[in-house]
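Next come the chains, spelled out residue by residue.
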Amino acid sequence: MKEELHRLSCYVENRPGVLARIVGLISGRGYNIQTLNVGPTEDGTVSRMKIDVLGSERVVQQIILQLRNQVNVIEVTSRRL
Amino acid sequence: MRSTAKNGAKALVEALERAGVEKIFGYPGGNVIDIFDALSTARFDFVLARHEQGAVHMADGYARALGRPACVIVTSGPGLTNTITGLGTANMDGVPMVLVCGQVPLAQIGTDAFQEADTTGLTRAVSKHNFLVHSADEIPETVAQAFYIATHGKPGPVVIDIPRDCQRETTSAEYPARVALRAYHPEVSATTSQVNRFAKLVNSAKRPVILAGGGVIASDASHDVAALARKAGIPVSTTLMGLGSFDETDPLALGLSGLHGEYAANAAIAQCDLLVALGVRFNDRVTGQTVSKFAKRAKIIHVDCDPASINKNVTVDLGITADVKELLMTVDSRIHSAKHDEWLAAINGWRRPRTEGLKPLHKGVIMPQAVVEAVYSATKGRAIVVTDVGQHQLWAAKRFRHTQPRHFISSGGMGAMGFGIPAAIGAALARPGCKVAAFLGDGGAQMTSEELIVAVERKLPIVFLVFRNSSLGLVRQMQTHSFAGRYFATDLASPDFTLLAKAVGMKGVKVTDPARLDAAVASAVRFKGPVLLDIEVDRDAEA
């Protein structure tokens, strides 16, 4: 299946350990994160993560579903770059 | 409620009481000593394991047999690292559990302090979720959240790491009346159009098969699956985790499918035009390595509570994220009564006689399959079957006729050797009055034999059946078939397990004569307390 660069946009609770959990979930399944950007939103209790990851549509969809299963993840969207 | 000041350890104990915990499995240590002091005056039944892995497997067996979350408390550092295999096992098989672990004081975290380990880092990949508590005030709410997370959505183990100073400091925090999680809302249900499509596919199928998995047991949907099967005339196969979710003495039962499954079950899945997969996750043991060949003539319906399991391994025609029981209750009125006589006749033609595998390979040597038959008849099929991992696990899975949910307890996803002995103890503690049959290989039995003494302390009605073939049989079997019989590291010297049993005060009996097998098993089943049978079986028998 064709691998393409996808940008995942994740809104997560701003707590210790959440970044490691998200990154671990992606890297632990053998996918390489190309770019990672984390910062606070206007609501200080929520952080936004932009994650660029190379993968097929199917793989990226699976990553999104796994991310949404995480207890601290509020919302995940994605687009192809 | 009036809040009263107490230390964090007492707040934890009160929170566990509020969460409905009755038994706690665990092992003490320096960084949980305050918690154990608080436990000393609490009403819990504390089960002291002999190794933290044993404690977690016991809790796992307890939760599976009872259908309620289990609780474990261990100390920091090695106490926690010893739980990893147990947590991974519970996580893969979706077993609800809350594990509380001590931690070095907050100020010492990251200093490589004595018995320090990065608990949240270590347990992230083997738990559903984990927490590091930062103050005693957080403890009651964290416990409530942990039990909520462990039991909602796909169940799983949740870890709470509590630094020692948080156990000692004073708090007046109370257990919350309800749990509010900002981002975790696992409640799911089917849309009307999904329900309609489900009914339409089932009603128009000519050669349907139901595949029932562990999710059927988790959602308590066995009766609903049976109702669907009988009404629409659909034969039912189960995964390893689903054994007992459908009565195998029913004419519609196909038994286990997959890599080690029944021929008829696999043939039916290969030939069916509709596969209704309920509470399964299409593990590679179920689909085979070439997923594209799995049920290739069929439309596939997949119902599971975990949205991430749908279209993960198998691409399906209708994926429904829902609780299995809720979905089946909703769809029931739209299902037409049907009979598929030709289809069932074809399937019956694929069934193999049950006597297969019982014929001795060598005169005077016990066939391992005959041990399972002997236990089945001595317990009239009513025992809770717990297994370790290996050939005996497959024989127990296939030869025992499983009729009730929560009566087959096995490490499915993780395949963790060493699970059997402690999980059997947990199951026996969960279900007083039930006879437990623990099927063990002589390999796995050596991994956690330190827990046997717990069965003696508690006088548990467990029959431990050690299949002695002096080899790591399932690996040896792979070496026979895939490596031209180049056996390496699979010959196994095993202790005399009857002496091991005697050393811990347990009755132990050696069985070598096929003619004595049935009587020995029947007498062990009649025995009130724990008993171990060391049974010499044919090492050439294959699973």
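Residues numbered from 1 in each chain as written. Chains lettered and ligands numbered in written order. Predicted model: local features only at pLDDT ≥ 70, side-chain atom pairs only at ≥ 80, totals over all residues.

Once that is clear, we can look at the overall build of chain A. When you go through chain A residue by residue, the secondary structure sums to two helices and four strands. Reading chain A from its N terminus to its C terminus gives the helix and strand order β-α-β-β-α-β. Here chain A has a C-alpha radius of gyration of 12 Å; the compact-globule value for 81 residues is 12 Å, and the two agree. Its C-alpha atoms give chain A principal-axis dimensions of about 40 × 20 × 20 Å. Taken across its 81 residues, chain A has 25% of its residues classed as buried. Looking at chain A alone, contacts between residues at least 24 apart form 68% of all its contacts between residues at least 6 apart. (Helix = DSSP H or I, 4+ residues; strand = E, 2+ residues; numbered from the N terminus. Rg over C-alpha atoms; globule rule 2.2 N^0.38 Å. Buried ≥ 20, exposed ≤ 12 C-beta atoms within 10 Å, placed from the backbone. Contact = placed C-beta atoms within 7 Å.)

What follows deals with helix H9 (residues 192-204) of chain B. Because an α-helix completes one turn every 3.6 residues, residues spaced three or four positions apart along the sequence face the same direction. All names here are of chain B. If you check H9, its first and last C-alpha atoms are 18 Å apart, about what 13 residues at 1.5 Å a residue would give, namely 18 Å. Turning to H9, its buried residues are Gln194, Phe198 and Val202. Take H9 and look down its axis: the buried residues cluster within an arc of 65 degrees, on one side only. In H9, the exposed residues that point more than 90 degrees away from the buried face are Thr192, Ser193 and Lys200. On its buried face, H9 sits against strand E9 (208-212), helix H11 (222-232), strand E12 (274-278), strand E13 (299-304), strand E14 (318-321) and helix H14 (324-331). (Expected span 1.5 Å × (residues − 1). Arc of directions from axis to C-beta.)

Right, let's talk about the interface of chain B and chain A for a bit. In this complex, chain B contributes 14 residues to the contact, which on the side of chain A involves 14 residues. At the level of elements, helix H6 (119-123) and strand E6 (129-132) of chain B are the ones that each hand at least two residues to the side of chain B that touches chain A. The class makeup of the residues in the side of chain B that touches chain A is eight nonpolar, three polar and three charged. (Nonpolar A, V, L, I, M, F, W, Y, C, P; charged D, E, K, R; others polar.)

Let's shift gears to the sheet that holds strand E5 (residues 97-103) of chain B. Residues and elements named next belong to chain B. Taken in spatial order, the six strands line up as E3-E2-E4-E5-E7-E6 in an open sheet, and their pairing is parallel. Where the open sheet ends on each side, the last strands, each with one partner, are strand E3 (45-48) and E6. Geometrically, the sheet is characterised by an average inter-axis angle of 20 degrees between neighbouring strands, direction not taken into account. The pairing of E6 with strand E7 (residues 157-163) spans four bridges and is parallel. Counterpart to His129 in the pairing with E7 is Val158. (Pairing = 2+ DSSP bridges. Axes fitted to C-alpha atoms, helices over the stretch in contact; angles between N-to-C directions.)

Turning our attention to helix H12 (residues 263-271) of chain B. Residues and elements named next belong to chain B. Buried residues of H12: Ala264, Ala265, Ala268 and Ile269, and no others. The arc that holds the buried residues of H12, viewed along the axis, is 135 degrees, so those residues lie on one side. Buried-residue contacts for H12 involve E9, strand E10 (236-238), strand E11 (253-256), E12 and helix H15 (341-350).

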